[in-house]
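# Architecture at a glance
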Protein chains: 2
Amino acid sequence: MSFADHIRACNNYDRARVVPLIAGERRVGWLRRDNAAALARFPAVFAVEPERVQLVARGDVDAVSAAVDDVVEALVTENRVPKWRNETFDVMPSWGEAPLFRLDRGAVPFFGVRAYGVDLNGYRRDRGGLHLWVGRRAPDKRVAPNKLDNTVAGGIGNGYGVAATLAKEADEEAAIPASLIERAVPVGAITYLMENDIGIRDGVLFVYDLELPAEFVPTNRDGEIVDFQLMPALSVIERIRSTDDFKFDVNLVYLDFALRHGLIPVEDPEYLTVASGLHRPFD
Amino acid sequence: MSFADHIRACNNYDRARVVPLIAGERRVGWLRRDNAAALARFPAVFAVEPERVQLVARGDVDAVSAAVDDVVEALVTENRVPKWRNETFDVMPSWGEAPLFRLDRGAVPFFGVRAYGVDLNGYRRDRGGLHLWVGRRAPDKRVAPNKLDNTVAGGIGNGYGVAATLAKEADEEAAIPASLIERAVPVGAITYLMENDIGIRDGVLFVYDLELPAEFVPTNRDGEIVDFQLMPALSVIERIRSTDDFKFDVNLVYLDFALRHGLIPVEDPEYLTVASGLHRPFD
């Protein structure tokens, strides 16, 4: 393993394997060619052409969302999509624009729609240097079960903003109270583009740092994290370098933390690989 | 103006306008097509093909450097290259590898060789928030005269490492003593790829943050900076958003500083443009 392996794994997207999903004049997703082909039998919703798929369902956000959701139901019965049923993401050409429709979270990578999340580095300054509160994902998580995770992480569901999602997830995942989470500092975003078994994960993670007081110990409330460990930040980075113990994109978030806090020396042979590998420009 | 304008200006590279410069089996530069054509009359040094230029001069680093330098002299007489004559850069396929030859700094963009530099954000924490020590470039600078600049910035010349360049430039440009500069924290690198009047600027800036004590005032010693002002960091960012007062790539370094220190709110419509625009992946 190396830092580069984790960066490559999150950026294994290959333009030749996908076609754009177009809504109006704007691209809203990347469909793997097999996924595009699977949409051909829903011509009232999607027009499948050789090099693009056009959303043709008409109407307001609710109407388009309902039409797409019927397709998602069919894809679920074909085992192409693991439907979550409890969470939808807004589909927008870019962040901050009005949503065109809502999509079940499980279907987001099938359509290669950009997925936004928040990620919090909860850390402590101890005599021995920076320490990170690292969570372990529950064994029944659909994505990356049992893997090590950040202090708080979560997708930004339909209707939630960035800060509201952070506060909600911080409460549910780590019992961080509002009085503490409001001190979290936004420090950028990780961007990556990855093919997985379902389709394309176009990931954006809004990253926050939060210095936690010595007496605070995170406690999970929603069953998604089974335990938290306080680990020296340098040990986290060495473990990332040599293992696959962390969830794929959490490796990138911790590498960004390490870089920003001066924990990777410029002499590291992978310094520029890391510095140039965590913020893929949008196409 | 907008943040995006500065990011676009530094990333206006167009693959269709260049051909690779190959040494052995490795790419070491990007030659604009007119620059490639200008090399055709030096067949003992460069083999110019339609879609690539091969370095064919043979011998050790000194021999290849001398052969290339003869070409550079000819390009200087044709006004294609502004030769510096006092500084050479190492040409390597990637950072940390053995240099293949040395190149006059003025010729680096002609060949589109990657150029490495250091950049220091010297800042103070005052009651009113973070303040930055901003320099103003001398009117006789070849690149970006009179523009606002960082506290310390400089190219990494042949034979110097990153930390040694930082210490040398900090002393020459801002009279920052060794005892202070050793506290500078490496916080990543800015990467961009830009066409300019000479050719292609493939820029890598190793970025450092240094908290300066209240009593320290930077003083220039080498004539490259005419004055320093202590500016509120938020004012620097608003001035970047609305003007072209800063050197092109210094805009990117300060945007990175602002992002890392939580000075750009996530609600800013350009938040993700900035977060995904400062670290162009290497090809």
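## A few points about the overall build of chain A
Helix and strand counts for chain A stand at 9 helices and 13 strands. Rg of the C-alpha trace for chain A: 19 Å, near the compact-globule value of 19 Å for 283 residues, within the 12% margin. Considered along the principal axes of its C-alpha atoms, chain A spans approximately 65 × 40 × 30 Å. Considering chain A as a whole, with its 283 residues, one finds that 56% of them fall into the buried category. A sequence separation of at least 24 residues applies to 65% of the contacts in chain A between residues at least 6 apart. When the accessible surface of chain A is summed, it comes to about 11400 Å², and 51% of that surface belongs to carbon and sulfur atoms.

## A word on the relation of the copies chain B and chain A
For these two chains of identical sequence, chain B goes onto chain A by a turn of 180° and a shift of 0.0 Å along the axis, with RMSD 0.0 Å. In the structure described here, the two chain copies are related by an operation that fits a two-fold rotation axis. Relative to the rotation axis, the closest C-alpha in chain B is found at His279(B), a distance of 3.0 Å. Mapped onto chain A, 100% of the interface residues of chain B are again interface residues, and the two copies thus contact each other with one and the same surface.

## Quick notes on the sheet that holds strand S1 (residues 18-23) of chain B
Residue and element names in this part refer to chain B. Here 4 strands make up an open sheet; going across it, the order is S2-S1-S4-S3 and the pairing mixed. Of all the strands in the sheet, just strand S2 (26-32) and strand S3 (46-49) have a single pairing partner and so form its edges. Going across the sheet, the axis of each strand differs from the next one's by a mean of 25°, ignoring polarity. Bridge count for S3 against strand S4 (residues 52-55) is 4 bridges, and the pairing is antiparallel. Each residue of the ladder has a partner; that of Val 48, found in S4, is Val 53.

## Notes on helix H7 (residues 233-242) of chain A
The periodicity of an α-helix, 3.6 residues per turn, causes residues three or four places apart in sequence to face the same way. Residues and elements named next belong to chain A. Among the residues of H7, those classed as buried are Ala 233, Val 236, Ile 237 and Ile 240. Down the axis of H7, the smallest arc covering the buried residues is 95°, so these residues share one side. Where H7 is buried, its residues meet helix H1 (3-9), strand S8 (129-137), strand S13 (225-232) and helix H8 (248-260).

## Observations concerning the side chain of Asn150(A)
All names here are of chain A. Looking at where Asn 150 falls in the secondary structure, it is placed in the loop between strand S9 (148-149) and strand S10 (152-155). Overall, the relative accessible area of 1% leaves Asn 150 in the buried class. A distance of 3.0 Å separates a polar atom in the side chain of Asn 150 from a polar atom in the side chain of Asn 121. In this structure, Asn 150 is in contact with Asp 119, Leu 120, Asn 121, Gly 122, Trp 133, Gly 135, Phe 228, Val 250, Val 253 and Tyr 254, ignoring residues within four places of it in sequence.

## Details of the layout of surface pockets
Residues and elements named next belong to chain B. In this structure, the second largest pocket encloses a volume near 1000 Å³. Along the walls of the second largest pocket sit 49 residues, with Trp 84, Arg 105, Arg 137, Val 143 and Arg 201 positioned nearest its centre. Among the elements of the structure, helix H4 (108-111), strand S7 (114-126), strand S10 (152-155), helix H5 (162-174), strand S11 (185-195), strand S12 (200-211) and helix H8 (248-260) are those that each provide at least two residues to the lining of the second largest pocket. Broken down by element, the lining of the second largest pocket gets its largest block of residues, 6 residues, from S12. Class assignment of the residues belonging to the lining of the second largest pocket gives a composition of 22 nonpolar, 8 polar and 19 charged.

## Comments concerning the interface of chain B and chain A
Listed as interface residues are 26 residues of chain B and, on the opposing side, 26 residues of chain A. For chain B, the biggest contributors to the area lost against chain A are Val266(B), Leu272(B) and Ser276(B); these three give 27% of the whole. Across the contact surface, chain B and chain A share 0 salt bridges. Summed over the shared surface of chain B and chain A, the number is 5 residue pairs in polar contact (both at pLDDT 80 or more).

## Things to note about the packing of H7(A) against H8(A)
Residue and element names in this part refer to chain A. Relative orientation of the contacting elements H7 and H8 amounts to 135°, with a least axis distance of 10 Å. Taken together, the axes of H7 and H8 are oblique relative to one another. Between H7 and H8 the crossing geometry is left-handed. Residues Ala 233, Val 236, Ile 237 and Ile 240 of H7 lie in contact with H8, whose contacting residues are Asn 251, Tyr 254, Leu 255, Phe 257 and Ala 258. Among the residues making up the contact of H7 with H8, the classes are represented as 8 nonpolar, 1 polar and no charged.

## Observations regarding the environment of Ala178(A)
Note that Ala178(A) resides in helix H6 (residues 178-181). Between the C-alpha atoms of Ala178(A) and Val226(A), which are 48 residues apart in sequence, the distance is 22 Å.

## With respect to the packing of aromatic side chains
Enumeration according to the criterion identifies 18 aromatic pairs over all chains in this entry. Geometrically, the ring pair formed by Trp95(A) and Tyr116(A) is tilted, given 4.5 Å between the ring centres and 45° between the ring planes. Of this pair, Trp95(A) sits in the loop between strand S5 (88-91) and strand S6 (101-104) while Tyr116(A) is found in strand S7 (residues 114-126), placing the two residues 21 residues apart along the sequence. Taking the centre distance of 5.9 Å and the plane angle of 50° together, the rings of Tyr13(B) and Trp30(B) count as tilted. Here Tyr13(B) is found in the loop between helix H1 (3-9) and S1, whereas its partner Trp30(B) is found in strand S2, with 17 residues between them in sequence. For Trp30(B), a relative accessible area of 5% puts it in the buried group. One aromatic cluster is present, formed by Trp95(A), Tyr116(A), Phe206(A) and Tyr271(B) through successive ring pairs. The ring centre of Tyr160(A) lies 5.1 Å from the NZ or CZ of Lys168(A), which sits over that ring. Looking at Lys247(A), its charged tip hangs above the ring of Phe248(A), at a distance of 5.2 Å from the centre.

## Quick notes on empty space enclosed by the protein
A complete count under the given rule lists 1 cavity of 30 Å³ or more for this structure. If you add up the space inside the largest cavity, you get close to 150 Å³. Lining the largest cavity are 20 residues; nearest its centre among them are Asp256(A), Arg260(A), His279(A), Asp256(B) and His279(B). Within the residue set of the lining of the largest cavity, elements represented by two or more residues are strand S11 (185-195), H8 and helix H9 (271-275) of chain A together with S11, H8 and helix H9 (271-275) of chain B. Split by residue class, the lining of the largest cavity holds 12 nonpolar, 4 polar and 4 charged.

About the criteria used
- Just so you know, the residues in each chain are numbered from 1, in the order the chain's sequence is written.
- As they are written, the chains are lettered A onward and the ligands numbered 1 onward, keeping that order.
- Restriction of local features to residues with pLDDT of at least 70 applies here, the model being predicted, together with a cutoff of 80 or more for giving and counting side-chain atom pairs; totals for whole chains, interfaces and linings are based on all residues.
- As a convention, hydrogens and water are excluded, and side-chain values are obtained from all of the structure's heavy atoms.
- Here a strand is any run of E in DSSP of at least two residues, a helix any run of H or I of at least four, and the numbering for each starts at the N terminus.
- Based on C-alpha atoms, the radius of gyration is set beside the globule rule, defined as 2.2 Å times the residue count to the power 0.38.
- Buried, partly exposed and exposed residues are distinguished by accessible area as a fraction of the type maximum, computed with a 1.4 Å probe on protein chains only: under 20%, between the cut-offs, and over 50%, respectively.
- Only heavy atoms matter for contacts: two residues are in contact if any of them lie within 4.5 Å across the pair.
- Where accessible areas are quoted, they stem from the Shrake-Rupley method and a 1.4 Å probe; at the residue level, only the protein chains shown are allowed to cover.
- What sets the superposition is a least-squares fit of C-alpha atoms, and only residues with pLDDT of at least 70 in both copies go into it.
- Following DSSP output, two strands are said to pair if at least two bridges run between them.
- In this analysis an axis means a line fitted to C-alpha atoms, helices contributing only their contacting stretch, and an angle means the value between N-to-C directions, from 0 to 180 degrees.
- Within this analysis, the arc is defined by the directions that extend from the helix axis to the C-beta atoms.
- Polar contact is the term for a pair of N or O atoms within 3.5 Å; when the atoms are in protein, one must be able to donate a hydrogen and the other to accept it, and sequence-neighboring residues count only if both atoms are side-chain atoms.
- A pocket, in this scheme, is an open set of points on a 1 Å grid over the protein atoms alone with protein on both sides within 12 Å along at least 5 of 7 lines, while a cavity is a set where a 1.4 Å probe fits but cannot get out; residues line either one if an atom lies within 4 Å of a point.
- Grid points are joined across faces, edges and corners, and a volume is the space filled by probe spheres set on the points.
- Each residue receives one of three labels: charged for Asp, Glu, Lys and Arg, nonpolar for Ala, Val, Leu, Ile, Met, Phe, Trp, Tyr, Cys and Pro, and polar for the others, Gly being one of them.
- Buried area is calculated as the accessible area (1.4 Å probe) missing from two parts once they are joined, with the contributions of both summed.
- What makes a salt bridge here is a side-chain nitrogen of Lys or Arg within 4 Å of a carboxyl oxygen of Asp or Glu, nothing more.
- The scheme is simple: roughly parallel for angles under 35 degrees, roughly antiparallel for over 145, roughly perpendicular for 65 to 115, oblique for anything else.
- Crossing handedness follows the turn of the near helix against the far one: under a right angle anticlockwise gives a left-handed crossing, and clockwise gives a right-handed one.
- In summary, the pairing rule links any two rings of Phe, Tyr or Trp, Trp by its six-membered ring, whose centres are within 6.5 Å, and it sorts them by plane angle into stacked for under 30 degrees, edge-to-face for over 60 and tilted for everything else.
- The criterion for a charge sitting over a ring is simple: Lys NZ or Arg CZ within 6 Å of the ring centre, and within 35 degrees of the ring normal.

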